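# A look at the structure
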Amino acid sequence: MAGMEIEFKFHVPAQRLKAVEAAMRRGSVVRTRLQARYFDTADQALAAEGIVLRLRKEGRRWVQTAKATGDNALHRLEHNVDLGAAAAGSAAPAIDPQRHHGTPVGERLAKVLAASGAPLVERQSTDIVRLTRDVRTSGAGAAVVELALDVGKVIAHAGTSDERESPVCELELELKRGDVQGLVALARRWSQQHGLWFSTVSKAERGARLLAKLDVVPAVKAEAPRFAGEKGELDGRAIQQAVVASCLAQMLPNASEIAAGSTDEEQVHQLRIGIRRLRTALRELAGLDPRAGLFDSAEWEPPLVEAFRALGQLRDREQVVKLAQPQLRDAGAPEFDPLAGDEAAAEAPSPGEVMRAPAFQSVLVSLIGFTAATAAPHASAEGAGQPASAPLGATEARRHLRKRLQRLHRQAVRDGRRFESLSAEDQHRTRKRLKRLRYLAEFVAPLFADGDDEDEKSSPAERYLKRLRPAQDALGEFNDEAVALALYREATARDARAWFAVGWFSARRAAGAKACRKALGRIGKAPRFWKKRN
């Protein structure tokens, strides 16, 4: 059985397990013991490509499954082969990748194995008790969703006498048929009622981490959107979905790690970048499809802003001190800790608490659902007579994006000319606009690329972005010093030695503002890649 799996997976906190299990049992449930064996090459070639090859005993039946990452956070390529019931005392069937021949996931599997040339070995196993139940949703988002509560463990086989275990406690919601929005509504309800959080860590990945003895995984950084199809055929809705999916591809893995307890600085930093990119996308791309209610800022803005600020308060204060202390020491400042006795910082929520907040999780679920939803049929959006409720067609979408880019570009140039005379609030707003210009340019650059320059580092878009970087650096340093100035000014109430830093940073403001003005002034001469070329 081959297909595209659409599902949500949530981590269930141990203290919520009884309540979740009780809620599952309010309907007709099926209990199954799942004993799975996972195969890969010794150098984990399949894991590196997001592919899972599994042999699982489901009750008495053996099923071989191949999975691979799909187009977005909800999609998974999957192919299952039922190998029949196991005879009493019989050994497990042998793994055979050829069973997936002729399927999309089978083609990816065969390609990776052929390139590796290494044999398959059992890398890990799982022992899970699963409770399943089907739930029907009604109304506009009618759907049949399978709920699966998995409790058990992952076992990594590192050697003949070296086995490592990791507990599993998760709830999966899989769309069996119907509307994705029915799945989204149900996922939001269960996550909100039971304090669950979206997790990107599969059982196979848990095992891989055990094998590698990894406590912290590298932070996920931003990547360019992947636009499906020809750029001249992409309507506004398709552009929105691809860009939001790109933002989530950075946000979700980092948010998942932090929600689970990681305090890794780089994960927090990359998550904040992801949130900023997402806010840019939701703001600047809203006009591409008037029907996309998710782009109503009243729904998404408050939780994202709150999470961004909370993570910033935790990270920025520590980072600013790390950067400022060496400079102040060289300037002869007295030694002291500006964060000592900071009650506000001590009472601030942890990064994990910020990520597990119900409002933030609700926004994530809605956004994931948006990227997977199929647009409702509509009349052609090209040319005159375009329906008000339809997404912009390809030509109109690019025209709209040109206007947004040009507007942000002009604002950056205008603010640059008078930067030194702007208020502190407007200077900060200029920095945020410049970031929005950069992110929007990165998002849509492929839509304006010629065939000859689409993948070139010297493309018009890359040349434009290169012109922005000196201004970004200057404004970033100026902002860091503004944060430091405010932090040390606040610290004067606790320690008079902070006045040295206040004076030192205050004296640097004029020179910093001048550097920003000059850097912003150079943007005006940058050739704009979105301009039509002859």
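What you see is a predicted model; the values in this text were computed from it and never measured.

## Focus on the overall build of the protein
- For the protein, the helix and strand inventory stands at 15 helices and 9 strands.
- In terms of C-alpha radius of gyration, the protein reaches 26 Å, essentially the compact-globule figure of 24 Å for 534 residues.
- Along the longest, intermediate and shortest principal axes, the C-alpha atoms of the protein span 80 × 65 × 50 Å.
- Burial statistics for the protein: of 534 residues in total, 50% are counted as buried.
- Taking as baseline every contact in the protein between residues at least 6 positions apart, the subset at least 24 positions apart corresponds to 75%.
- Counting every atom, the protein has about 25,600 Å² of accessible surface; 50% of that belongs to carbon and sulfur.
- Of the side-chain charges in the protein, 84 are positive and 69 negative, and the distance between the mean point of each set is 4 Å.

## What to know about the confidence of the model for the protein
- On average, residues of the protein score 89 in pLDDT, and 91% of them reach the 70 mark or higher.
- Taken element by element, the predicted model of the protein shows its lowest mean pLDDT in helix α9 (residues 343–347) (67) and its highest in helix α1 (residues 17–24) (97).
- Predicted confidence for residues 377–387 stays below pLDDT 50, and this span has 19 contacts to residues more than four positions away or in other chains.

## Regarding the pattern of salt bridges
- For the coordinates displayed, the defined rule picks out 34 salt bridges.
- Put simply, Glu284 and Arg436 hold a salt bridge, and the shortest N to O gap is 2.7 Å. Placement of the pair is Glu284 in helix α7 (residues 265–284) and Arg436 in helix α13 (residues 424–444), with a sequence separation of 152 residues.
- Judged by relative accessible area, which is 1%, Glu284 ranks as buried.
- For Asp415, the salt bridge identified is with Arg418, shortest N-O distance 3.3 Å.

## Comments concerning the packing of aromatic side chains
- In total, this model carries 11 aromatic pairs according to the counting rule given.
- Seen from their ring centres, Phe10 and Phe198 are 6.2 Å apart, and the 85° between their planes marks the pair as edge-to-face. Of the two residues, Phe10 is situated in strand β1 (residues 2–11) and Phe198 in strand β9 (residues 197–198); the sequence distance between them amounts to 188 residues. Phe198 shares its class with Phe10; the two are buried.
- Sitting above the plane of the Phe478 ring, Arg509 keeps its charged end 3.8 Å from the centroid.

## Topic: a positive patch on the surface
- Taken together, the side chains of Arg467, Lys514, Lys518, Arg522 and Lys525 make up a positively charged region of the molecular surface.
- Looking at the element boundaries, Arg522 is found in the segment after α15 (498–521).

## Side note on the packing of helix α6 (residues 236–259) against helix α11 (residues 358–372)
- Where α6 contacts α11, the two axes come as close as 9 Å, and the packing angle between them is 135°. By the criterion of interaxial angle, the relationship of α6 to α11 is oblique. Crossing handedness for the pair α6 and α11: left-handed. Counting all contacts with α6, which are made through Arg237, Gln240, Gln241, Val244, Ala245, Leu248, Met251 and Leu252, the residues of α11 involved are Phe360, Leu364, Leu367, Ile368, Phe370, Thr371 and Ala372.

## Structural notes on helix α4 (residues 180–194)
- Taking 1.5 Å of rise per residue, 15 residues should cover 21 Å, and α4 covers 21 Å from first to last C-alpha, within 8% of that figure.
- Restricting attention to buried positions, one finds in α4 the residues Val180, Gly182, Leu183, Val184, Leu186, Ala187, Trp190, Ser191 and His194.
- Capping the start of α4, Asp179 holds a side-chain oxygen 2.8 Å from the backbone nitrogen of Gln181, two or three residues further along.
- A positive backbone phi angle near 65° is found at Gly195, which sits one or two residues after α4.

## Brief notes about α6
- With 24 residues, α6 extends 33 Å from end C-alpha to end C-alpha; this agrees with the ideal 34 Å at 1.5 Å per step.
- Most of α6 sits inside the fold, with 21 of its 24 residues counted as buried.
- Structurally, the start of α6 carries an N-cap: the backbone nitrogen of Arg237 is 3.2 Å from a side-chain oxygen of Asp235.
- Positive phi appears at Gly261, one or two residues downstream of α6, with a value of about 125°.

## Comments concerning the packing of α13 against helix α14 (residues 460–491)
- At their nearest, the axes of α13 and α14 sit 10 Å apart, and the two run at 150° to each other. When the axes of α13 and α14 are compared, the pair comes out roughly antiparallel. Handedness of the α13/α14 crossing: left-handed. In this structure, α13 contributes Gln427, His428, Arg431, Leu434, Leu437, Arg438, Ala441 and Glu442 to the contact, and α14 contributes Tyr464, Leu465, Leu468, Ala471, Gln472, Leu475, Gly476, Phe478 and Asn479.
- For the contact of α13 with α14, the class distribution of residues is 9 nonpolar, 5 polar and 3 charged.

Reading the values: the criteria
Residues numbered from 1 in each chain as written. Predicted model: local features only at pLDDT ≥ 70, side-chain atom pairs only at ≥ 80, totals over all residues. Heavy atoms only, no water. Helix = DSSP H or I, 4+ residues; strand = E, 2+ residues; numbered from the N terminus. Rg over C-alpha atoms; globule rule 2.2 N^0.38 Å. Buried < 20%, exposed > 50% of the residue type's maximum accessible area, 1.4 Å probe, protein only. Contact = heavy atoms within 4.5 Å. Areas by Shrake-Rupley, 256 points an atom, 1.4 Å probe, with all protein chains shown as cover. Lys, Arg positive; Asp, Glu negative; His and termini not counted. Charge placed at Lys NZ, Arg CZ, Asp CG, Glu CD. pLDDT = per-residue confidence, 0-100. Salt bridge = Lys/Arg side-chain N within 4 Å of Asp/Glu carboxyl O. Phe/Tyr/Trp six-rings, centres within 6.5 Å; stacked < 30°, edge-to-face > 60°. Lys NZ or Arg CZ within 6 Å of the ring centre and 35° of its normal. Patch = residues over 30% accessible without salt bridge, like charges linked within 9 Å, V, L, I, M, F, W, Y side chains within 5 Å. Axes fitted to C-alpha atoms, helices over the stretch in contact; angles between N-to-C directions. Parallel < 35°, antiparallel > 145°, perpendicular 65-115°, else oblique. Left-handed = near helix turned anticlockwise from the far one by under 90°. Expected span 1.5 Å × (residues − 1). Polar contact = N/O pair within 3.5 Å; in protein donor to acceptor, adjacent residues only side chain to side chain. Nonpolar A, V, L, I, M, F, W, Y, C, P; charged D, E, K, R; others polar.

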